[in-house]
Amino acid sequence: MTDRIVIIGNGMAGTRLASELSARGGDRKVTAFGTEPHRAYNRIMLSTLLAGAIGEPDVQLAEAAGHGIDLHTGVCVTAIDREDRAVRTDRGDRVHYDHLVLATGSRAVVPPLTGLTGGELPARVVPFRTLDDCRRILAVADRARRVLVLGGGLLGLEAARGLAGRGLEVTVVHPVPYLMERQLDPTAAAVLARTLADLGVTTQLAVPATAVLADSHGVRLELADGRSFDADLLVLACGVRPDTALATAANLAVGRGVLVDDQLRTSDRRISAIGDCAQHGDTLTGLVAPAWAQARVLAQVLSGADPSARYRPRPAVTRLKTAGIDLAAMGDPGDGPGEELTFTDPASGTYARLRINHERLTAAILVGDNPSVGTVIQLFDRGQPVPSDRRSLLLGRALGTGPAEPATTPALMPAAATVCHCNNVDKGTLVESWRRGARTVDEVVAATRAGTGCGSCRDAVAGITDWLSTVESVEVER
Amino acid sequence: MTLREADGEVAVLPRWFPTNQGGLCQKGWTAAELLDHPDRLTTALLRDPASGELRPASWDAALDRIVTGIRTVQANHGRDAVAVFGGGGLTNEKAYALGKFARVVLRTRHIDYNGRFCMSSAAAAGMRAFGVDRGLPFPLADLGTADTLLLVGANPAETMPPLVRWLTEQRRRGGRLIVVDPRVTATARQADLHLQPLPGTDLAVANALLHIALAEGFVDHSYVAGRTTGFDEVRRAVAEWWPARAEALSGVSVADLETTARALGGARRAIILTARGAEQHAKGVDTVTGYVNLALALGLPGRPGSGYGCLTGQGNGQGGREHGQKADQLPGYRRIDNLADREHVAAIWGVPAEEIPGPGVPAYRLLDSLGTPDGPKALLVFGSNPVVSAPRAARIEGRLRDLDLLVVVDFLRSETAALADVVLPTAQWAEEDGTMTNLEGRVLRRRALRTPPPGVRTDLELLAALATALEQGPGRPAGRDRGPALSPEPAVVFEELRAASAGGLADYAGISWERIDAQEGVFWPCPELDRPDTPRLFADRFSTPDGRARFHAVQHRPAAEQVCATYPLHFTTGRVLAQYQSGTQTRRVPALRRAAPAAFIELHPDVADRLGVADGEPVRVRSRRGELIAPARLSSAIRPDTVFAPFHWGGIARANTVTNDAVDPISGMPEFKICAVRVEKVAAT
Ligand SMILES: Cc1cc2nc3c(=O)[nH]c(=O)nc-3n(C[C@H](O)[C@H](O)[C@H](O)COP(=O)(O)OP(=O)(O)OC[C@H]3O[C@@H](n4cnc5c(N)ncnc54)[C@H](O)[C@@H]3O)c2cc1C
Ligand code: SF4
């Protein structure tokens, strides 16, 4: 068994691994280092924090620290000595490992624009990745009126929407002709842009930025088409890049991320990598679900609970999570074999496009109010066969199984339908009692005993009596 | 109106149907026909050693056989080798007498009851959060005035018709009803919003709702600070449950989760209720706790018109668990492992406290140990039919067969009675006086409407007779001078119960039959006759030592058994006391179906299509533990990844042959609500 495990990174993946290991007990020694000075927090809730409804304590995560985990926050690992199986920290400590885990995540990309190339970013230019970034954005936003967001991907739009919700004037600048081009098609993106506009977010598409000018009073973004925008704050949301610096320096095999196999091992079998910094096959995941799945597999392997556990990637689902926008995207929306289902209602900002091949969902884009979204995501995630009634994929509960409408008339009830179960009285019997002269609810009840049990059918008996009194001469049975 | 239209046809909403002899809690209001049913037992039955058949016998012969059997077993294997299995349908008096009989006459630690299969998860969750377990800490009528009512895994429209009145009232006043259920039940059809999660994911839904409540500012922070403990850990635990994550797991959309959280958080009065659907899981206690956490975070418990509650089953689900037929309890919801509690009860019983045995084991473990080398060799069953109602029933049936002595007290020849060595005919509710306690903690009278038929004795009479017989005659255990007083009179037993419960959590000391009559039921705790009872709990404090409610951080975990290639579908069970009659069915299956519902397996049409099964054709549901065969009932009301069967039937249609016997680590509740199965077409013969 592995005795000393060292984890580099106290982000979403590292924290998860620590608690998975701690939950499995055993007497191994686990040491974790995190550059960020904070206790573990949920990074994806930073968008919500930015939107202002919650406070910092609300984004904290449960920590395994103290439960067999030795956690050092605010400590950065500066080097890996594979020979000696030890890591060095910026405090000058040297810590030995039997197994080392890289969970260093990724860093926000700072685009190479004029004005951003000199190391330190200007105070009014902030990326959006960490709690500290969030604090900086909020500190400026407090006294700001106008905000620019560079990048119309998932993160940029979440930031834009959150800041607009605080009453700021927000403009998103995106170099591609449509938003979230990696997940959406142009129609979906257009629907999304309209929804954003209604929420106070303006979009400038198909135009790259060229330069940033910032001083203590404001920031100006210059665009390739000659225009420029002034604002109090510029948020950079230009994508992320896996943090592979330590791995590269230690001569591990690195592609775009640290290369790992199905057991999350790097080219050194005593070192693993999980989360945003890892590259499994061709894939950089960049999402929490796979990071946690990897943490779980690695914990099984390292704890010996299941030494042959393997990471099996599942197809990613993108979900934009922000007030007033409901967006889900999965699979490759491009053309492919199979059927395609679409639904568009521009007036309500609703769009759905689903691709089905061999009875399985291969891709879907859902924007706006799509009641089937939960079902679609599950079917895609689990690879289960789609319903034969395809309409339910678009309309969800609205169709078939939805809440039934109250009947407009008892005329449509079959005579054999039981009205009172306590006394087993069917509609035919009620009608019969009417024919024999019962004319009020009480008389019908007296004649049939319907409703004399628990009484919950009284309404129905009354309704049928009412109806009988209006259709007296009509043949009422069918 | 309760008329509903579905698929162009109209039917009256299904309602309660009183047929539940095989189920969990026996019905109080057993239908009139049952009283004079031709199958009604009016004589004791003894198994004839030669033929192996159950034959009519005299009471004396039957009691003799029981006494000899018990003495032999106890002489050879010790006192704990005799066990007692009770029922949630027994009156308070009977539940009390049964507990006392086990502890004082048999002096065995092994007593538990079928309510374990019903209530135990909610009871344990309530205990650990509020320090007390009363189904509803407020009167049922409060449901009628709730602005938002969240029902989790509850289908009262089919299982508790009296409650539907309050739901109707609630909606008439413009309140919102939200139902969480994997199936589109009769109750779900009435809801303003129906969340249809994958079975076994209710806890993830609860955590996501709290996540949203936090993110949108609905948490009542001053309540949390002033009246609770442990919130920080819960806050961090639910930070992991952002809605999109719960959505992928449960299939409930983010939008629906948000609507629900807002409806609860924005309501002036909101009530959250859980029932079997959330509770009958190996994580039942944690699931209920998830919803309790949500209620506490929103500041609901103790606020007038708001709160958390659990819908108990029928019969005496609440009272049946308060007076000592639970393995770890003494009357008044006292703990059997607490010294002061033991001493109090011992004084009432007139025995030394150290003579009261310690805690036994929960129902399933008890049943699963029967006839094994270390387990009981004799069992007395009252008001329960475990052959049908226990999980993994085929195995339990085998355990019962391994017993040296099985005694079943029933009024019909149930599936369990059919295995017995001795069957004793007992009275039905309409033939006995007594009290029951409903889910509101309200103690109600049951009045005898007629006398039992000749040859039939009440449970109290036969317990008294059995106690006397065991304490007398040759071979009587040495070292005891006087027999314990076990009265056959319910009024006398109730007086004793009052004294035994005095000072306990469920304090009945101030409740008399006269008072119950005068005020239409009395809410416990009620320590004094001339002081008010307690319709609403928690107004000022919770029943915990420090008066604060306790949060417990809980996390979703997968069901004990996961679907796989061999067993690709989820299987869930439940109660259907109603027959949903669409015109089509009525035409195809004539009058037959009107009388009583029959066993069925509910399948999504797509699943049936793949199997090539038509509506009404027999199908087989197979799990690792066994199989069940019943006609398919096609319905788009069920998820295509799930099949459902009601658990009321025995024999080949017994759903519990298939269910999983994994149990909750805290409550011992078996995982009735989810296991992995495959469904097959039954080849025509
Ligand atoms: C605002 C925002 C919203 C998001 N929303 C979603 C979403 O909705 N769904 C989703 O699935 N994903 C979302 N993501 C992505 C998600 O947060 C990441 O996929 C996830 O955080 C990856 O986890 P990780 O542990 O690999 O990396 P991180 O969470 O980035 O953690 C890495 C940690 O390692 C530390 N570290 C790095 N190097 C060292 C070193 N040498 N020594 C010590 N510590 C070091 C870093 O400081 C950091 O704390 C979002 C991200 C952001 C920023
Ligand atoms: S009287 Fe009715 S239908 Fe009539 S209720 Fe009782 S349950 Fe039912």
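Below, the structure is looked at part by part. (Residues numbered from 1 in each chain as written. Chains lettered and ligands numbered in written order. Predicted model: local features only at pLDDT ≥ 70, side-chain atom pairs only at ≥ 80, totals over all residues. Heavy atoms only, no water.)

When helices and strands are counted, chain A shows 12 helices and 28 strands. A compact globule built from 478 residues would reach a C-alpha radius of gyration of about 23 Å, whereas chain A, at 30 Å, exceeds it by more than 25%. The principal-axis extent of the C-alpha atoms belonging to chain A is close to 100 × 65 × 45 Å. For chain A, the proportion of its 478 residues judged to be buried stands at 53%. Within chain A, residue pairs in contact and separated by at least 24 positions form 58% of the contacts whose partners lie at least 6 positions apart. When the accessible area of chain A is evaluated, it comes to approximately 20600 Å², of which 49% is carbon and sulfur surface. (Helix = DSSP H or I, 4+ residues; strand = E, 2+ residues; numbered from the N terminus. Rg over C-alpha atoms; globule rule 2.2 N^0.38 Å. Buried < 20%, exposed > 50% of the residue type's maximum accessible area, 1.4 Å probe, protein only. Contact = heavy atoms within 4.5 Å. Areas by Shrake-Rupley, 256 points an atom, 1.4 Å probe, with all protein chains shown as cover.)

Scanning chain B for helices and strands turns up 24 helices and 27 strands. For chain B, buried positions account for 67% of its 685 residues. A sequence separation of at least 24 residues applies to 75% of the contacts in chain B between residues at least 6 apart. For chain B, the accessible area works out to roughly 22100 Å², and carbon and sulfur atoms hold 51% of it.

As a further point, take helix α11 (residues 243-250) of chain B. Among all positions in α11 of chain B, only Pro243, Ala244, Ala246, Glu247 and Ser250 of chain B are buried. For α11 of chain B, the angular spread of buried residues about the axis comes to 160°, placing them on one side. At its buried positions, α11 of chain B is contacted by β22 (317-322) and α8 (373-382) of chain A together with α8 (202-215) and α12 (254-265) of chain B. (Arc of directions from axis to C-beta.)

Attention shifts here to the pairing of strand β25 (residues 626-634) of chain B. Residues and elements named next belong to chain B. Of the strand pairs in this sheet, strand β23 (residues 601-603) and β25 are connected by 3 bridges, and their pairing is parallel. If you follow Leu603 over to β25, its bridge partner there is Leu634. As paired elements, strand β24 (residues 618-623) and β25 share 6 bridges and run antiparallel to each other. Each bridged residue has a counterpart across the sheet, and for Arg622 the counterpart in β25 is Glu627. (Pairing = 2+ DSSP bridges.)

Further remarks concern the side chain of Lys100 of chain B. Looking at the element boundaries, Lys100 of chain B is found in helix α3 (residues 92-106). When sequence neighbours within four positions are dropped, the list of residues in contact with Lys100 of chain B reads Val105, Trp349, Ala485, Leu486 and Glu496 of chain B.

The subject of this paragraph is the site of ligand 1. Residues and elements named next belong to chain A. The full set close to ligand 1 counts 32 residues, and Ala13, Glu36, Arg129, Asp276 and Val288 are the nearest of them. Backbone polar atom of Ala103 to an oxygen atom of ligand 1: 3.3 Å apart, as the coordinates give it. One nitrogen or oxygen atom from the main chain of Leu287 is found 3.3 Å from an oxygen atom belonging to ligand 1. With the chains in place, 92% of the 980 Å² that ligand 1 exposes on its own is no longer accessible. Looking at the shell around ligand 1, the elements with two or more residues in it are α1 (12-23), β2 (29-34) and α4 (154-165). The residue makeup of the shell around ligand 1, split by class, is 14 nonpolar, 11 polar and 7 charged. Residue assignment places the shell around ligand 1 across two domains, with domain 1 (4-107 + 241-303) and domain 2 (125-238) each supplying three or more. (Near = heavy atom within 4 Å. Polar contact = N/O pair within 3.5 Å; in protein donor to acceptor, adjacent residues only side chain to side chain. Nonpolar A, V, L, I, M, F, W, Y, C, P; charged D, E, K, R; others polar. Domains from an automatic or database assignment.)

Moving on: the sheet that holds strand β21 (residues 283-284) of chain A. Residue and element names in this part refer to chain A. Taken together, the 3 strands give an open sheet; going across it, the order is β18-β20-β21, and neighbouring strands pair in mixed fashion. Pairing within the sheet leaves two strands with one partner each, and these edge strands are β18 (258-260) and β21. Pairing of β18 with strand β20 (residues 278-280) involves 3 bridges; the strand directions are parallel. What sits directly across from Val258, in β20, is Ala278.

A separate point is the nonpolar core. All names here are of chain B. Residues Phe101, Phe130, Tyr291 and Leu424 are the most contacted members of the largest nonpolar core, which totals 118 residues. A domain split of this core shows at least three residues from each of domain 2 (40-117 + 316-475 + 488-523) and domain 3 (120-311). With residues near it in sequence (within four places) discarded, Phe130 still touches Val292, Leu296, Pro301, Tyr308, Phe538, Phe542, Ser543, Thr544 and Ala549. (Core = buried A, V, L, I, M, F, W, Y, C linked by side-chain atoms within 4.5 Å.)

This part covers the sheet that holds strand β7 (residues 148-152) of chain B. All names here are of chain B. Ordered in space as β9-β8-β7-β11-β12, the 5 strands form an open sheet in which the pairing is parallel. Where the open sheet ends on each side, the last strands, each with one partner, are β9 (193-195) and β12 (307-310). Adjacent strand axes in the sheet meet at a mean angle of 15° when their direction is disregarded. The pairing of strand β11 (residues 270-274) with β12 spans 4 bridges and is parallel. Residue pairing across strands places Ile271 opposite Gly307, the latter belonging to β12. (Axes fitted to C-alpha atoms, helices over the stretch in contact; angles between N-to-C directions.)

To continue, consider unusual backbone geometry. Comment: phi is negative for the bulk of residues other than glycine, and the bulk of peptide bonds are trans. A cis geometry characterises the amide bond from Trp524 of chain B onward to Pro525 of chain B, with omega recorded as -5°. Within the fold, Pro525 of chain B resides in the loop between β20 (522-523) and β21 (549-550). With phi around 50°, Arg85 of chain A is a residue other than glycine that occupies positive phi space. Tracing the sequence through the fold places Arg85 of chain A in the loop between β4 (77-81) and β5 (86-89).

On to the packing of aromatic side chains. Residues and elements named next belong to chain B. Using the criterion set out here, one finds 11 aromatic pairs over all chains in the structure. Considering the side-chain rings of Phe231 and Phe551, the 5.0 Å spacing of their centres and the 55° angle between planes classify their relative orientation as tilted. Taken together, the residues Phe231 in helix α10 (residues 231-238) and Phe551 in the loop between β21 and β22 (569-574) connect sequence positions 320 residues apart. Each member of the pair, Phe231 as well as Phe551, carries the same accessibility label: buried. (Phe/Tyr/Trp six-rings, centres within 6.5 Å; stacked < 30°, edge-to-face > 60°.)

The next subject is the pairing of β24 of chain B. Residues and elements named next belong to chain B. Between β24 and β25, which pair antiparallel and follow one another directly, the connecting turn spans 2 residues. Here β24 pairs with strand β27 (residues 675-681) via 4 bridges, running antiparallel. The partner of Arg620 across the bridge, within β27, is Glu680.

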